[in-house]
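Here's the letter readout for the chains.
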Amino acid sequence: MISTLIATALMMTTAVSGPVMRHDGDTSAARQRYVMVIHGGAGTILKSQMTPAREQAYKAALEQALRSGYAILQRGGSSLDAVEAAVRVMEDSPLFNAGKGAVFTNEGKNEMDAAMMDGKTLGAGSVAGVTVIRNPVSAARAVMERSQHVMLTGRGAEQFAKEAGLEIVNPSYFYTEDRWKGLQKVKAMGAGKTQLDHDSAVNKPSSSLLGIENKDHKFGTVGAVALDQQGNLAAATSTGGMTNKKFGRVGDAPIIGAGTYANNATCAISCTGWGEFFIRLCVAKTVSDLMEYKGLSIQQATDELIMKKVPALGGDGGLIAIDKDGNIAMPFNTAGMYRGSITADGKVEVLIYKQ
Ligand code: ASP
């Protein structure tokens, strides 16, 4: 089963190389290669199970997120501002498992995680298990820029966000009927089952390592990575986690080096997938290390993790990545991943299924 998974996965890598030149006479390499890549989660996303209207809605939301980040990059703004703006658009959309539309815990609540990292300074911030912050990605940024800490959880993170002037909402803001029904469905599968977003009923192998039988597998995290005109990389990730997760469970998204990482010397990474595996493999930082210490390209390094290490351990998912030269990679080992890129010339590409 796992070898089938790996074989299938090997056919699904998407990588695009090469900077895109601006035609305004600016010869600075950094100014010519600014770029942003986003994802809205990987999983068993099959065209056969998608209506044209729903597909169009996803594509429009992804394009809106890309354009909001691009507007910032184009006018010379920072990659940090760009990834925050793009992720906020997806957090505000009920289509994605982040912010409005986040999945429910076993207790019937929405507990969200988010992270942001600055490739220039290696500054990082994250929040976990937050329930009242409208845009968790902005709280992660506030932790990075306005505290001496990297990670705040629960009540402490919420208090901090409030004091930082971020928008606080009633937990009912995050409710969507789709996700509520999703929780009831997973609960009906039996005690202890969890589910990640964006999947149909597909039986996955149980993980003897985790002791979790995880059927009907879905991932719906959102993320963005960007390279700005100053040559600075940034990464951001935001998620509601897994449907029916235990309250208090924290995934890979807010763990720096697991689901999120950025370093101007190497790359910026945002992951989506079965978080427990991404944490145990320190996926995002390992990609960076493979580039820094072994000289691998962004495509080789991301393939090593997503096409080999993660499936070999029994996990699945994908990631988006940009290297310091503006090359991008978007590998995933699931049937699909909501994803898109926008290059310096304003060319938008939005993809859902494997190509
Ligand atoms: N990685 C996320 C988590 O485990 C889930 C996802 O990608 O949707 O919390």
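Reading guide: rules and limits
Residues take numbers from 1 onward in each chain, read along the sequence in its written order. Since the coordinates come from a predicted model, pLDDT governs what is reported: local features require at least 70, and pairs of side-chain atoms require 80 or more to be given and counted, while whole-chain, interface and lining totals use all residues. Hydrogens and waters are ignored; side-chain quantities use all the structure's heavy atoms. Secondary structure elements follow DSSP: runs of H or I no shorter than four residues count as helices, runs of E no shorter than two count as strands, and numbering proceeds from the N terminus. Helix span is expected to be 1.5 Å times the residue number reduced by one. Each residue's exposure class comes from its accessible area (1.4 Å probe, protein chains only) as a fraction of the maximum for that residue type: buried when under 20%, exposed when over 50%, partly exposed otherwise. Should any heavy atoms of two residues lie within 4.5 Å, those residues are counted as being in contact. In plain words, nonpolar cores are sets of buried Ala, Val, Leu, Ile, Met, Phe, Trp, Tyr and Cys residues tied together by side-chain atoms within 4.5 Å. Each residue is tested against the molecule or strand, and it is near if at least one of its non-hydrogen atoms lies within 4 Å. Polar contacts here mean pairs of N or O atoms no more than 3.5 Å apart (in protein, one a potential hydrogen donor and the other a potential acceptor; neighbouring residues in sequence count only if both atoms are side-chain atoms). Computed by Shrake-Rupley with a 1.4 Å probe, the accessible areas treat only the displayed protein chains as cover when residues are assessed. Three classes are used, and their members are as follows: Ala, Val, Leu, Ile, Met, Phe, Trp, Tyr, Cys and Pro are nonpolar, Asp, Glu, Lys and Arg are charged, and the others, Gly among them, are polar. For two strands to count as paired, DSSP must find a minimum of two bridges between them. Here the axes come from fitting lines to C-alpha atoms, over the contacting stretch only for helices, and the angles between their N-to-C directions go from 0 to 180 degrees. If an angle is under 35 degrees, it is roughly parallel; if it is over 145, roughly antiparallel; if it lies from 65 to 115, roughly perpendicular; otherwise it is oblique. Note: crossing handedness is left-handed where the near helix turns anticlockwise from the far helix by less than a right angle, and right-handed where it turns clockwise.

1. Thoughts on helix α4 (residues 79-92)
Working step 1: The end-to-end C-alpha distance of α4, which contains 14 residues, comes to 20 Å, matching closely the 20 Å that a straight helix rising 1.5 Å per residue would cover.
Working step 2: All of the buried residues in α4 are S79, L80, A82, V83, E84, A86, V87, V89, M90 and E91.
Working step 3: Tucked into the core, α4 has its buried residues touching β2 (35-43), α3 (52-74), β3 (112-118), α5 (136-146), β6 (222-227) and β7 (233-239).

2. Observations concerning the nonpolar core
Working step 1: Counting 55 residues, the largest nonpolar core has M36, I38, F96 and M116 as its most contacted members.
Working step 2: The leading source of residues in this core is α3, at eight residues.
Working step 3: When neighbours within four sequence positions are excluded, I38 is seen to be in contact with L62, A65, L66, A86, M90, G223, A224, I320, Y338, R339 and G340.
Working step 4: Among the nonpolar cores identified, the runner-up in size contains 40 residues, and F219, M242, A268 and A329 belong to it.

3. Observations regarding the site of the ligand
Working step 1: Taken together, eleven residues lie near the ligand, and G220, T221, R249, D252 and G273 sit nearest.
Working step 2: The separation between a nitrogen atom of the ligand and a polar side-chain atom of D252 is 2.6 Å.
Working step 3: At 2.8 Å from an oxygen atom of the ligand is found a side-chain nitrogen or oxygen belonging to T272.
Working step 4: For the ligand, whose accessible area on its own is 270 Å², the fraction buried by protein is 100%.
Working step 5: Considering only residue class, the shell around the ligand consists of two nonpolar, seven polar and two charged.

4. Description of the pairing of β7
Working step 1: In terms of burial, β7 is a largely internal element, seven of the seven residues being buried.
Working step 2: Side chains of β7 alternate between two faces, with L233, A235, T237 and T239 and A234, A236 and S238 buried alike.
Working step 3: One ladder, built from six bridges, connects β3 with β7; its direction is antiparallel. Bridging from a neighbouring strand, M116 pairs with A236 of β7.

5. Brief notes about the packing of α3 against α4
Working step 1: Between α3 and α4, whose axes approach to 8 Å, the crossing angle comes to 160°. Here α3 lies roughly antiparallel to α4, going by the angle between them. The two elements α3 and α4 cross, and the hand of that crossing is right-handed. On α4, the residues touching A61, L62, Q64, A65, S68, G69, I72 and L73 of α3 are S79, D81, A82, A85, A86, V89 and M90.
Working step 2: Of the residues that constitute the contact of α3 with α4, the class distribution is ten nonpolar, four polar and one charged.

6. Quick word on the side chain of T334
Working step 1: Relative to the elements of secondary structure, T334 occurs in the loop between β11 (328-329) and β12 (336-343).
Working step 2: Of the polar contacts made by the side chain of T334, one reaches the backbone nitrogen of G43; its length is 3.3 Å.
Working step 3: Within polar-contact distance, the side chain of T334 engages the backbone oxygen of G336 at 2.9 Å.

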